[in-house]
Amino acid sequence: MKIGIVTVHDSNNYGSFLQAYALQCILRQMGHEVYFAVTRDKKFVKKIFVPALLQKKLFRHPFSLLRSRKNGRIKRKAFLNDQKCFEEIEKEDLSKMDLVILGSDEIWNVQVKSFQNKIFYGSDLTNVLAYGVSVGRAGREDFVKYPEIINCIRNIHCVLARDNRTKEIVKEITGISPGIVCDPTFLVDRSVFSRKDTLPVKKVAEKYVLIYSYGIDKELEKKIKDFAKENRLKIVSACFYYKWANYNIMCGPMDFCSIIKGADCVITTTFHGTIFSVLNEKQFISIPASIKTNDLLEQVGLAERIVGEKSGVDVIQRLLKQDFIDYTEVNKRISNMRSRSLRFLTKGIDLTVMKNDEIM
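This one's a predicted model, so the numbers in the text were calculated from it and none came from an experiment.

**Student:** Now, about the sheet that holds strand S5 (residues 128-133): what can you tell me, with residues and values included?
**Tutor:** The strands that make up a sheet pair up through hydrogen bonds in the backbone, lying either parallel or antiparallel. Ordered in space as S3-S2-S1-S4-S5-S6-S7, the 7 strands form an open sheet in which the pairing is parallel. What marks the edges here is a single partner per strand, and that holds for strand S3 (88-90) and strand S7 (179-180). Two strands pair when backbone bridges link them, and S5 and strand S6 (residues 158-161) are joined in this way by 4 bridges, in the parallel orientation. Note that in S6 the partner of leucine 129 across the bridge is cysteine 158. Each of strand S1 (2-6), strand S2 (33-38) and strand S4 (99-102) is contacted by helix H1 (residues 14-29), which is oriented at about 150 degrees to S2, the strand it contacts most.

**Student:** An account of the packing of aromatic side chains is needed here, citing residue identities and associated values.
**Tutor:** Tallied over the full model, the rule gives 15 aromatic pairs. On the numbers, 6.2 Å between centres and 50 degrees between planes, the contact of tyrosine 21 with phenylalanine 193 is tilted. Residue tyrosine 21 is found in helix H1, and its partner phenylalanine 193 is found in the loop between S7 and strand S8 (208-212); the two are separated by 172 residues along the sequence. The exposure classification of tyrosine 21 matches that of phenylalanine 193, with both residues buried. An aromatic cluster of three or more residues is present, and its members are Tyr14, Phe17, Tyr21, Phe36, Phe79, Phe86, Phe193, Tyr212, Tyr214, Phe240, Phe256 and Phe276.

**Student:** So what's going on with the sheet that holds strand S9 (residues 234-238)? Which residues, and what values?
**Tutor:** Reading across from one edge, S10-S9-S8-S11-S12 is the order of the 5 strands in this open sheet, with parallel pairing throughout. The sheet is open, and its two borders are formed by strand S10 (247-249) and strand S12 (284-286), each paired with just one other strand. For this sheet, the mean angle separating the axes of adjacent strands, direction not counted, is 20 degrees. The sheet strands contacting helix H9 (residues 253-261) are S8, S9, S10 and strand S11 (265-268), and the helix crosses S8 at an angle near 140 degrees.

**Student:** Account for unusual backbone geometry, with residues named and values stated.
**Tutor:** Both trends apply: most residues other than glycine have a negative phi, and most peptide bonds are in trans. Residue glycine 103 is joined to serine 104 through a cis peptide bond whose omega torsion reads 5 degrees. Tracing the backbone through its elements, the reader meets serine 104 in the loop between S4 and S5. For aspartate 124, which is not glycine, the phi torsion reads 65 degrees and is therefore positive. Here aspartate 124 shows up in the loop between S4 and S5. The exposure class assigned to aspartate 124 is exposed, which follows from its relative accessible area of 77%. Phi is positive for arginine 232, close to 55 degrees, though the residue is something other than glycine. Topologically, arginine 232 is positioned in the loop between helix H8 (218-230) and S9. Taking the relative accessible area as the measure of exposure, arginine 232 reaches 78% and is therefore exposed.

**Student:** Go over the packing of H1 against H9, please, and point to the residues and values.
**Tutor:** Where H1 contacts H9, the axes come no closer than 9 Å and their chain directions differ by 100 degrees. By the criterion of interaxial angle, the relationship of H1 to H9 is roughly perpendicular. On H9, the residues touching Tyr14, Phe17, Leu18 and Tyr21 of H1 are Pro253, Met254, Phe256 and Cys257.

**Student:** How would you explain the pairing of S8 if you had to name every residue and give the values?
**Tutor:** In the case of a regular strand, side chains alternate between the two sheet surfaces. Within S8, 5 of the 5 residues are buried, which leaves it mostly tucked inside the rest of the structure. Covered by surrounding structure in S8 are Tyr208, Leu210 and Tyr212 together with Val209 and Ile211, the residues of both alternating faces. Handedness of the crossover joining S8 and S9 through H8: right-handed.

Thresholds applied
All chains use their own residue numbering, which begins from 1 and follows the written sequence. Only residues with pLDDT of at least 70 are given local features in this predicted model, and only at 80 or more are side-chain atom pairs given and counted; all residues enter the totals for whole chains, interfaces and linings. The basis for the side-chain values is all heavy atoms of the structure; hydrogens and waters are excluded. Two strands pair if DSSP finds at least two bridges between them. Secondary structure elements follow DSSP: runs of H or I no shorter than four residues count as helices, runs of E no shorter than two count as strands, and numbering proceeds from the N terminus. Contacts are assigned to residue pairs that have any heavy atoms within 4.5 Å of one another. Axis geometry follows a simple rule: fit a line to the C-alpha atoms, using only the stretch in contact for helices, then measure angles between N-to-C directions, giving values from 0 to 180 degrees. Each Phe, Tyr or Trp ring (for Trp, its six-membered ring) is paired with any other whose centre lies within 6.5 Å, and the angle between the two planes then decides the class: stacked below 30 degrees, edge-to-face above 60, tilted in between. Three exposure classes are used, based on accessible area relative to the maximum for each residue type with a 1.4 Å probe and protein chains only: buried under 20%, partly exposed in between, and exposed over 50%. The cut-offs work like this: below 35 degrees is roughly parallel, past 145 is roughly antiparallel, 65 to 115 is roughly perpendicular, and the gaps in between are oblique. A clockwise path from the first strand over the helix to the second, with the strands pointing away from the viewer, defines a right-handed crossover.

In structure tokens:
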């Protein structure tokens, strides 16, 4: 069967790529052909990686801007190389697919302008399944502003949500309570994220704590530096530049998996940073945790890994160097989550195709 996927597979975000890659892997294992719809202009995507050379910013912060552009170009080249695994189609070709899957990721967060595009809600399509979709921080009041999007969601045959917040909003919109499924990265064995070739990125010989975060304030920066110093660890940041880190590695998503695997421990503020810490059985903390991260850590029995912004370095030290995670029970929960989600996905595919055949 030909399946078209609508998601953010072309973002500058590791998680966005890896969830798309994982969903592609599992669908191909089922015997399907997989294609990704182009939802954004390529010039727009390029600007996400490489910030514009604005004269005012160049005058005020010349070194910062030039460094960001240099790192952005390195990262874009790495991402483009990894994204070659995706076979893209134009959005107009989605109607030619036997099935269209929306998701996963935060594609239903209508607070974000790009996700107000009706393509993320299966507009004008009849053969639609939503898998692992998330509304992010959007609330019911946000959806009220977009009646066309609400109608699109009501017309989807099967919606499978990634978190409880999304589940409740979909239930309010449709009157039907959707099933909860895991992120696609949990559907496959972690070995699919390992490169078979030599890493084209800098290898860190020393022991290191990996930082994966969109932004870190001065207070958290000091705690991380104190923790690293106390434990004789280097500080490595992947994808994002921090001048206080010992190493800043700009690499593609597949290399990120190897970098996180090699870390002594991980400090992250992201959903997929948390996921890959768990998949690689790392000692880690999530600070601060989002709603979807809270849900995830509750499901796998690791809610104690959520650390508040005001927690001291003693808490970080205890969780990363004393209270070690026993992954035996965690892996059992992941296995159950995976089995349940695969059942939901298989049943959803069959149901959607069957109903579309009835319409045809």
